[in-house]
Amino acid sequence: MPHTDSSTSSSTDDTIDMRLRQDQEEDIARLIDLGSARPEADARPDLLDHIVEWGPTDTPLGTFQLVPVRIGRDLRLIAQWMNDPSVAAFWELGGPQEATASHLGDQLDGDGRSVPCLGVLDGVPMSYWEVYRADLDPLARYYPARPHDTGIHLLIGRVSDRGRGLGTTLLRAAADLVLEHRLSCTRVVAEPDLRNTPSVAAFLGAGFRFSAEVELPGKRAALMLRDRALRHVL
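This write-up is about the structure you can find in this document. (Residues numbered from 1 in each chain as written. Predicted model: local features only at pLDDT ≥ 70, side-chain atom pairs only at ≥ 80, totals over all residues. Heavy atoms only, no water.)

On to the pairing of strand β7 (residues 209-216), then. Pairing analysis gives 7 bridges linking β7 to strand β8 (residues 219-227), with the strands arranged antiparallel. Each bridged residue has a counterpart across the sheet, and for glutamate 215 the counterpart in β8 is arginine 220. Here β7 folds back onto β8, and the loop between the two strands holds 2 residues, one of which, glycine 218, carries a positive phi near 90 degrees. (Pairing = 2+ DSSP bridges. Helix = DSSP H or I, 4+ residues; strand = E, 2+ residues; numbered from the N terminus.)

Listed below in structure tokens is the structure:
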């Protein structure tokens, strides 16, 4: 064990405290005023039943809400998350902010079948989500899609928020929001990479069932389903 004298220990503690304070200040700086989070009027068809109006929901971890992305407000934070090596390995959006901006812009300028959102927990943006019409997505070519199937993608932002069950809780909350506000949707769909075992486990813990292995362009995925009929059972 390397020798550590008292002065080194004190310096290390001061550095840790400073980093913790910086993290707290950054979180506070990112607090979203949910009352003013409504985007400007959108001329696109609404294919996902007004996500912006879904509002917050209570979870064991705090109040959670899906807030549609605004590139000017959110790009820097989302691009930072995308450049985490463990995230980039699956999302493949590491590098310059332009890569993330293009990915977000394709959805925001599209026909409304996919809506990128920040996941906000007790006022703090801490995750990135995509809520999309799976039945209108290329995914529908690879499984027996039903009308109004709704898909979700999830990225947990900070490393400190991963590996402690937070994803499971929020996946259940997001799926419940979909089923509560999209009455025409009978099931929520997800297709995490089979290699991403923590993600697959989180979906299982959130009440999704494993349906099949699916060979998609670029990955072999676990097709996960959360059925409205089983919502209060699983």
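What follows is about the sheet that holds β7. What links the strands of a sheet is backbone hydrogen bonding, and the strands pair in either a parallel or an antiparallel sense. Within the open sheet, the 8 strands sit side by side as β1-β2-β3-β4-β5-β6-β8-β7. Their pairing is mixed. Looking along the sheet, the strands with just one partner apiece sit at the ends: β1 (57-59) and β7. Taken pair by pair, the neighbouring strands of this sheet meet at an average axis angle of 30 degrees, ignoring direction. With 3 bridges connecting them, β1 and strand β2 (residues 62-68) associate as antiparallel partners. Its bridge partner being in β2, aspartate 58 is matched across the sheet by threonine 63. This element, helix α2 (residues 71-82), spans β2, β3 (114-121), β4 (124-133) and β5 (150-156) of the sheet and lies at about 90 degrees to β4. (Axes fitted to C-alpha atoms, helices over the stretch in contact; angles between N-to-C directions. Contact = heavy atoms within 4.5 Å.)

This part is about unusual backbone geometry. Unusually for a residue other than glycine, histidine 50 sits at a positive phi of about 60 degrees. Within the element layout of this structure, histidine 50 appears in the loop between α1 (6-29) and β1. By relative accessible area, histidine 50 is classed as partly exposed at 42%. In this structure, histidine 148 takes a positive phi of about 75 degrees despite not being glycine. (Buried < 20%, exposed > 50% of the residue type's maximum accessible area, 1.4 Å probe, protein only.)

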